[in-house]
Amino acid sequence: MSAVLTTVNRALTALVGLILLALGGVVLAVGFDAPMPSWWLHRGPHDVLLSDAERTRWRDAGWWWPVVIAALAVLLLLALWWLVAVVRRRRLTEVLVDTGDGEGATLRGRALEDVLAGEAERVDGVEGAGVRLMGRRDAPAARVRLLLAPHVDPGTALHDLTTRALAHARTSAALPALPAEVQLRGVKHGAERVS
(Lines give C-alpha, C1' and ligand atoms only; values in the text may rest on other atoms or scores of the structure.)
Protein backbone atom coordinates (compact mmCIF):
# COMPACT_ATOMS: atom_id res chain seq x y z
CA MET A 1 0.00 0.00 0.00
CA SER A 2 1.10 3.51 -0.60
CA ALA A 3 2.03 5.72 2.33
CA VAL A 4 -1.05 7.92 1.85
CA LEU A 5 -3.37 4.92 1.74
CA THR A 6 -1.73 3.42 4.81
CA THR A 7 -2.13 6.70 6.71
CA VAL A 8 -5.77 7.09 5.65
CA ASN A 9 -6.46 3.45 6.53
CA ARG A 10 -4.96 3.77 9.99
CA ALA A 11 -6.67 7.09 10.71
CA LEU A 12 -10.09 5.84 9.58
CA THR A 13 -9.70 2.57 11.47
CA ALA A 14 -8.72 4.43 14.64
CA LEU A 15 -11.58 6.93 14.25
CA VAL A 16 -14.21 4.26 13.60
CA GLY A 17 -12.85 2.18 16.47
CA LEU A 18 -13.00 5.10 18.91
CA ILE A 19 -16.52 6.05 17.83
CA LEU A 20 -17.77 2.47 18.15
CA LEU A 21 -16.05 2.05 21.51
CA ALA A 22 -17.61 5.26 22.84
CA LEU A 23 -21.08 4.38 21.53
CA GLY A 24 -20.84 0.87 22.93
CA GLY A 25 -19.82 2.22 26.32
CA VAL A 26 -22.68 4.71 26.35
CA VAL A 27 -25.22 2.04 25.32
CA LEU A 28 -23.96 -0.22 28.11
CA ALA A 29 -24.13 2.62 30.61
CA VAL A 30 -27.71 3.49 29.58
CA GLY A 31 -28.64 -0.21 29.68
CA PHE A 32 -27.38 -0.50 33.25
CA ASP A 33 -29.32 2.64 34.18
CA ALA A 34 -26.20 4.66 34.95
CA PRO A 35 -26.73 8.40 35.46
CA MET A 36 -26.42 10.31 32.20
CA PRO A 37 -25.64 14.02 31.76
CA SER A 38 -28.60 16.37 31.30
CA TRP A 39 -27.81 17.02 27.64
CA TRP A 40 -27.78 13.31 26.71
CA LEU A 41 -30.58 12.08 24.42
CA HIS A 42 -31.64 9.00 26.36
CA ARG A 43 -32.41 8.82 30.04
CA GLY A 44 -32.71 5.12 30.78
CA PRO A 45 -33.03 1.57 29.45
CA HIS A 46 -36.74 1.98 28.60
CA ASP A 47 -36.34 5.23 26.66
CA VAL A 48 -37.09 5.08 22.90
CA LEU A 49 -34.40 5.84 20.35
CA LEU A 50 -36.50 8.39 18.43
CA SER A 51 -39.69 9.94 19.74
CA ASP A 52 -42.65 10.70 17.45
CA ALA A 53 -41.69 14.38 17.36
CA GLU A 54 -38.08 13.57 16.43
CA ARG A 55 -39.12 11.14 13.71
CA THR A 56 -41.60 13.51 12.01
CA ARG A 57 -39.78 16.82 12.54
CA TRP A 58 -38.45 17.19 8.95
CA ARG A 59 -41.12 15.19 7.13
CA ASP A 60 -42.66 18.21 5.39
CA ALA A 61 -39.34 19.87 4.45
CA GLY A 62 -38.62 19.25 0.76
CA TRP A 63 -34.86 19.41 1.16
CA TRP A 64 -34.53 16.85 3.97
CA TRP A 65 -34.68 13.52 2.16
CA PRO A 66 -32.45 14.50 -0.78
CA VAL A 67 -29.80 15.72 1.69
CA VAL A 68 -30.05 12.54 3.76
CA ILE A 69 -29.82 10.32 0.67
CA ALA A 70 -26.89 12.31 -0.76
CA ALA A 71 -24.99 12.18 2.54
CA LEU A 72 -25.57 8.42 2.86
CA ALA A 73 -24.51 7.89 -0.77
CA VAL A 74 -21.27 9.80 -0.17
CA LEU A 75 -20.60 7.77 2.98
CA LEU A 76 -21.30 4.55 1.09
CA LEU A 77 -18.94 5.50 -1.76
CA LEU A 78 -16.19 6.44 0.70
CA ALA A 79 -16.65 3.16 2.57
CA LEU A 80 -16.53 1.17 -0.69
CA TRP A 81 -13.39 3.03 -1.82
CA TRP A 82 -11.76 2.30 1.51
CA LEU A 83 -12.73 -1.38 1.37
CA VAL A 84 -11.46 -1.84 -2.19
CA ALA A 85 -8.22 -0.01 -1.41
CA VAL A 86 -7.56 -2.14 1.66
CA VAL A 87 -8.49 -5.48 0.10
CA ARG A 88 -6.75 -4.97 -3.24
CA ARG A 89 -3.05 -4.97 -2.58
CA ARG A 90 -1.23 -4.00 -5.70
CA ARG A 91 2.29 -4.38 -4.45
CA LEU A 92 3.99 -7.34 -2.91
CA THR A 93 5.36 -6.17 0.43
CA GLU A 94 7.85 -8.98 0.97
CA VAL A 95 9.45 -11.90 -0.85
CA LEU A 96 10.28 -15.17 0.86
CA VAL A 97 13.93 -16.12 0.21
CA ASP A 98 15.06 -19.73 0.65
CA THR A 99 18.36 -19.56 2.56
CA GLY A 100 19.00 -23.27 2.30
CA ASP A 101 18.99 -23.91 6.05
CA GLY A 102 15.27 -24.58 6.30
CA GLU A 103 14.59 -21.26 8.02
CA GLY A 104 14.16 -18.83 5.15
CA ALA A 105 14.29 -15.05 5.18
CA THR A 106 12.13 -12.23 3.93
CA LEU A 107 13.20 -9.54 1.53
CA ARG A 108 11.31 -6.27 1.31
CA GLY A 109 9.41 -6.05 -1.94
CA ARG A 110 10.29 -2.37 -2.44
CA ALA A 111 13.99 -3.15 -2.10
CA LEU A 112 13.82 -5.79 -4.82
CA GLU A 113 11.75 -3.45 -7.00
CA ASP A 114 14.30 -0.65 -6.60
CA VAL A 115 17.23 -2.94 -7.44
CA LEU A 116 15.42 -4.37 -10.45
CA ALA A 117 14.53 -0.88 -11.69
CA GLY A 118 18.11 0.31 -11.21
CA GLU A 119 19.52 -2.62 -13.17
CA ALA A 120 16.90 -2.20 -15.87
CA GLU A 121 17.87 1.46 -16.28
CA ARG A 122 21.48 0.40 -16.85
CA VAL A 123 20.46 -1.62 -19.93
CA ASP A 124 21.67 0.14 -23.06
CA GLY A 125 18.99 2.43 -24.48
CA VAL A 126 16.65 2.31 -21.50
CA GLU A 127 15.96 5.84 -20.29
CA GLY A 128 13.60 4.95 -17.45
CA ALA A 129 12.24 1.88 -15.72
CA GLY A 130 9.49 1.11 -13.25
CA VAL A 131 9.04 -2.23 -11.51
CA ARG A 132 6.17 -3.53 -9.42
CA LEU A 133 6.14 -6.94 -7.75
CA MET A 134 2.87 -8.82 -7.58
CA GLY A 135 1.69 -12.31 -6.75
CA ARG A 136 2.48 -14.34 -3.64
CA ARG A 137 5.50 -13.90 -1.42
CA ASP A 138 6.81 -17.36 -2.32
CA ALA A 139 6.05 -16.96 -6.05
CA PRO A 140 6.41 -13.30 -7.04
CA ALA A 141 5.89 -11.90 -10.50
CA ALA A 142 7.23 -8.63 -11.86
CA ARG A 143 5.50 -5.98 -13.90
CA VAL A 144 8.17 -3.92 -15.64
CA ARG A 145 7.71 -0.69 -17.61
CA LEU A 146 10.62 0.42 -19.78
CA LEU A 147 11.01 3.79 -21.46
CA LEU A 148 13.20 3.26 -24.51
CA ALA A 149 15.29 5.72 -26.46
CA PRO A 150 14.21 6.22 -30.10
CA HIS A 151 17.20 4.37 -31.60
CA VAL A 152 16.87 1.17 -29.52
CA ASP A 153 15.63 -2.14 -30.89
CA PRO A 154 12.86 -3.32 -28.50
CA GLY A 155 13.81 -6.99 -28.93
CA THR A 156 17.40 -6.31 -27.91
CA ALA A 157 16.31 -4.27 -24.89
CA LEU A 158 13.91 -7.03 -23.81
CA HIS A 159 16.60 -9.70 -24.24
CA ASP A 160 19.10 -7.64 -22.21
CA LEU A 161 16.50 -7.08 -19.48
CA THR A 162 15.66 -10.77 -19.15
CA THR A 163 19.25 -12.04 -19.30
CA ARG A 164 20.67 -9.40 -16.96
CA ALA A 165 18.29 -7.70 -14.52
CA LEU A 166 15.59 -10.36 -14.20
CA ALA A 167 18.07 -13.25 -14.14
CA HIS A 168 20.18 -11.51 -11.50
CA ALA A 169 17.10 -10.80 -9.34
CA ARG A 170 15.94 -14.41 -9.67
CA THR A 171 19.30 -15.86 -8.63
CA SER A 172 19.98 -13.36 -5.84
CA ALA A 173 16.56 -13.99 -4.24
CA ALA A 174 16.89 -17.77 -4.82
CA LEU A 175 13.60 -17.88 -6.72
CA PRO A 176 12.83 -20.86 -8.93
CA ALA A 177 11.14 -18.52 -11.41
CA LEU A 178 10.41 -14.82 -11.77
CA PRO A 179 7.79 -14.35 -14.47
CA ALA A 180 7.60 -10.83 -15.82
CA GLU A 181 5.21 -8.76 -17.84
CA VAL A 182 7.19 -6.10 -19.68
CA GLN A 183 5.65 -2.99 -21.18
CA LEU A 184 7.85 -1.11 -23.64
CA ARG A 185 7.33 2.54 -24.54
CA GLY A 186 9.35 4.88 -26.66
CA VAL A 187 10.46 8.28 -25.46
CA LYS A 188 8.39 11.06 -26.97
CA HIS A 189 10.54 13.22 -29.15
CA GLY A 190 9.98 15.94 -31.66
CA ALA A 191 10.02 15.30 -35.37
CA GLU A 192 13.45 15.37 -36.94
CA ARG A 193 14.12 17.74 -39.75
CA VAL A 194 14.89 16.06 -43.04
CA SER A 195 16.76 17.99 -45.67
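As a starting point, this report considers the structure included with it. Only a predicted model underlies this, so the values are computations on that prediction, with no experimental measurement involved.

Here is what the cut-offs are and how they apply
- Residue indices follow the written sequence of each chain, beginning from 1 at its first position.
- Given that this is a predicted model, residues contribute local features only at a pLDDT of at least 70 and side-chain atom pairs are listed and counted only at 80 or more, while totals for whole chains, interfaces and linings are drawn from all residues.
- Excluding hydrogens and water, the side-chain values take into account all heavy atoms of the structure.
- Per the convention used, a helix needs a DSSP run of H or I reaching at least four residues, while a strand needs a run of E reaching at least two, with both numbered from the N terminus.
- For a compact globule the rule gives 2.2 Å times the number of residues to the power 0.38, and the radius of gyration it is set against comes from C-alpha atoms.
- Buried means the residue's accessible area, taken with a 1.4 Å probe over protein chains only, is under 20% of the maximum for its type, while exposed means over 50%, and partly exposed covers the values in between.
- In this analysis, two residues are considered to be in contact whenever any of their non-hydrogen atoms come within 4.5 Å of each other.
- What sets the accessible areas is the Shrake-Rupley method with a 1.4 Å probe; for residues, cover comes only from the shown protein chains.
- In plain words, nonpolar cores are sets of buried Ala, Val, Leu, Ile, Met, Phe, Trp, Tyr and Cys residues tied together by side-chain atoms within 4.5 Å.
- Ring geometry is summarised as follows: Phe, Tyr and Trp rings, the Trp one being its six-membered ring, pair when their centres sit within 6.5 Å, and such pairs are stacked at plane angles under 30 degrees, edge-to-face over 60 and tilted between the two.
- Under the convention used throughout, the expected extent of a helix is 1.5 Å for every residue step, that is, one less than its residue count.
- Note that the arc is defined by the directions from the helix axis to the C-beta atoms.
- The term bend refers to the angle at a residue between two fitted axes, each drawn through seven residues, those ending there and those starting there.
- A pair of strands counts as paired when DSSP detects no fewer than two bridges linking them.
- Think of each axis as a best-fit line through the C-alpha atoms, taken over the contacting stretch in the case of a helix, with angles from 0 to 180 degrees between the N-to-C directions.

### Quick notes on the overall build of the chain
Step number 1: Within the chain, the regular secondary structure consists of five helices and five strands.
Step number 2: When its helices and strands are written in sequence order, the chain yields α-α-α-β-β-α-β-β-α-β.
Step number 3: For 195 residues, the compact-globule estimate of 2.2 N^0.38 gives 16 Å, and the C-alpha radius of gyration of the chain, at 29 Å, exceeds that figure by more than 25%.
Step number 4: Oriented by its inertia axes, the alpha-carbon framework of the chain measures out at about 85 × 65 × 20 Å.
Step number 5: Of all 195 residues assigned to the chain, the portion counted as buried reaches 21%.
Step number 6: Intrachain contacts of the chain at a sequence separation of at least 6 include 51% that bridge at least 24 residues.
Step number 7: Surface accessibility of the chain: about 14,300 Å² in total, with carbon and sulfur atoms responsible for 62%.

### Description of unusual backbone geometry
Step number 1: Positive phi values are uncommon outside glycine, yet Asp33 reaches one of about 60°.
Step number 2: Here Asp33 is to be found in the loop between helix 1 (3-31) and helix 2 (52-56).

### A word on the nonpolar core
Step number 1: Core analysis: the biggest nonpolar cluster contains 26 residues, and Leu116, Leu146 and Leu161 have the highest contact counts within it.
Step number 2: Among the elements of the structure, strand 1 (94-97), helix 4 (109-121), strand 3 (126-136), strand 4 (139-148) and helix 5 (154-172) are those that each provide at least two residues to this core.
Step number 3: Tallying contributions element by element places helix 5 first for this core, with five residues.

### Points about the packing of aromatic side chains
Step number 1: Summed over all chains, the structure comprises two aromatic pairs.
Step number 2: Judged by centre distance (5.8 Å) and plane angle (85°), the ring pair of Trp63 and Trp64 falls under edge-to-face.
Step number 3: Residue classification places Trp63 among the partly exposed residues on the basis of a relative accessible area of 45%.
Step number 4: Overall, the relative accessible area of 27% leaves Trp64 in the partly exposed class.
Step number 5: Consider the rings of Trp64 and Trp65, whose centres lie 6.4 Å apart with planes at 65°: the pair is edge-to-face.
Step number 6: Counting every residue linked through ring pairs, the aromatic cluster contains Trp63, Trp64 and Trp65.

### Focus: helix 4
Step number 1: In this model, helix 4 (13 residues) spans 18 Å end to end at C-alpha, consistent with the 18 Å of a helix rising 1.5 Å per residue.
Step number 2: Within helix 4 the residues assigned to the buried category are Gly109, Leu112, Glu113, Leu116, Ala117, Glu119 and Ala120. Projection of helix 4 onto a plane perpendicular to its axis shows the buried side chains occupying an angular sector of 165°, all on one side.
Step number 3: Those residues of helix 4 that are buried are in contact with strand 1, strand 2 (105-108), strand 3, strand 4 and helix 5.

### Observations concerning helix 5
Step number 1: The terminal C-alpha atoms of helix 5, which comprises 19 residues, lie 26 Å apart, in line with the 27 Å expected from a rise of 1.5 Å per residue.
Step number 2: Its axis deflected by about 35° at Leu161, helix 5 carries its strongest bend there.
Step number 3: Taken together, the buried positions of helix 5 are occupied by Ala157, Asp160, Leu161, Ala165, Leu166, Ala167 and Ala169.
Step number 4: Buried residues in helix 5 make contact with helix 4, strand 4 and strand 5 (180-186).
Step number 5: Looking one or two residues past helix 5, Ala174 carries a phi angle of roughly 55°, positive in sign.

### Brief notes about the sheet that holds strand 5
Step number 1: An order of 3-4-5 is seen for the three strands of this open sheet, with the pairing classed as mixed. Across the chains shown, the open sheet's two edge strands, defined by having one partner strand only, are strand 3 and strand 5. When strand polarity is set aside, the average angle formed by the axes of neighbouring strands in this sheet is 15°.
Step number 2: Here ten bridges tie strand 3 to strand 4, and the two strands are oriented antiparallel to one another. Looking across to strand 4, one finds that Arg132 is bridged to Arg143.
Step number 3: Its contacts with the sheet put helix 4 on strand 3 and strand 4, and the angle it makes with strand 3 is roughly 150°.

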